[in-house]
Amino acid sequence: AQSVTQPDIHITVSEGASLELRCNYSYGATPYLFWYVQSPGQGLQLLLKYFSGDTLVQGIKGFEAEFKRSQSSFNLRKPSVHWSDAAEYFCAGEAAGNKLTFGGGTRVLVKP
Amino acid sequence: GAGVSQSPSNKVTEKGKDVELRCDPISGHTALYWYRQSLGQGLEFLIYFQGNSAPDKSGLPSDRFSAERTGGSVSTLTIQRTQQEDSAVYLCASSYPDRGRDGYTFGSGTRLTVV
């Protein structure tokens, strides 16, 4: 079955430090991959997406993600975290049929 | 509009009542989706509309759930005889047929509480 896994439920990072959120997928073929961010009481905002081509994808708010086929991973990174990055982050994959399968989310807490 | 609009933002209903949730997608987006976000189940696909094609209803959890999309634009998700397990945030999203263009754009959701 198609699945997306985010191994870390919570991550705490100091402001200014780097951040990496892990995402692993299990699909028959390489799916379209997305990272979304959700602030409390808000919907999902698209940070970046991978469809094909360059395996390093740049997104909004200074985020980037690297697609690694050999590891079935699509990890999200940011070199220097700001307090406003505290939120929940969701990795998602789309296979045939335009249906997104989401990971369980990683909640990021930023310490001053 | 500038984004995906959902109404109401919050809805409290009594068990057994019917509810209607509305989604107004981005103009020009021919695809529309409903997802449900709950503590126990995370984010789950419910239903997908693409243009005039028959919708993909494979994610609807029971026959109490239905959705329609009128005129290829606004969509209504209806839950009949609500149960407490229906309490969740219902998210609507829309997209161009080519998701490589802008991905999926989500609304802010409707928080449904069944008491």
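Our subject is the structure that appears above.
Residues numbered from 1 in each chain as written. Chains lettered and ligands numbered in written order. Predicted model: local features only at pLDDT ≥ 70, side-chain atom pairs only at ≥ 80, totals over all residues. Heavy atoms only, no water.

A.B. asks: Hey, could you run me through the interface of chain B and chain A in this one?
C.D. replies: Reports often express the size of an interface as the amount of accessible area lost when the parts come together. At the junction of the two partners, chain B supplies 18 residues and chain A supplies 18 residues. A buried area of about 1500 Å², summed over both sides, lies between chain B and chain A, and 53% of it is on carbon and sulfur atoms. It is B:Leu43, B:Arg99 and B:Tyr104 that lose the most area in chain B upon contact with chain A, and together they represent 36% of the buried surface on that side. The interface formed by chain B and chain A includes one salt bridge. Of the charged contacts, one joins B:Asp56 and A:Lys99 as a salt bridge, the two residues approaching to 3.2 Å between their closest N and O atoms. Counting every contact that joins chain B to chain A gives eight residue pairs in polar contact (both at pLDDT 80 or more). Broken down by secondary-structure element, the contributors of at least two residues to the side of chain B that touches chain A are strand 4 (31-38), strand 5 (42-50) and helix 1 (99-102) of chain B. With four residues, the top contributor of residues to the side of chain B that touches chain A is helix 1 of chain B. (Contact = heavy atoms within 4.5 Å. Buried area = accessible area lost by both parts, 1.4 Å probe. Salt bridge = Lys/Arg side-chain N within 4 Å of Asp/Glu carboxyl O. Polar contact = N/O pair within 3.5 Å; in protein donor to acceptor, adjacent residues only side chain to side chain. Helix = DSSP H or I, 4+ residues; strand = E, 2+ residues; numbered from the N terminus.)

A.B. asks: Which parts of the structure should I look at to understand the sheet that holds strand 6 (residues 65-69) of chain B?
C.D. replies: Strand pairing in a sheet relies on backbone hydrogen bonds, with the paired strands running either antiparallel or parallel. Residues and elements named next belong to chain B. Judged by pairing direction, the sheet is antiparallel, and its four strands sit side by side in the order 1-3-7-6 without closing on themselves. The open sheet has two free edges, formed respectively by strand 1 (5-7) and strand 6, since each of these has just one partner strand. Between one strand and the next, the sheet's axes are offset by a mean angle of 15°, whatever the strand orientation. Inspection of the sheet shows strand 6 paired to strand 7 (residues 75-79) by five bridges, in the antiparallel sense. In the sheet register, Ala67 faces strand 7, and the bridge partner there is Leu77. (Pairing = 2+ DSSP bridges. Axes fitted to C-alpha atoms, helices over the stretch in contact; angles between N-to-C directions.)

Limitation: the analysis is restricted to geometry and does not speak to function.
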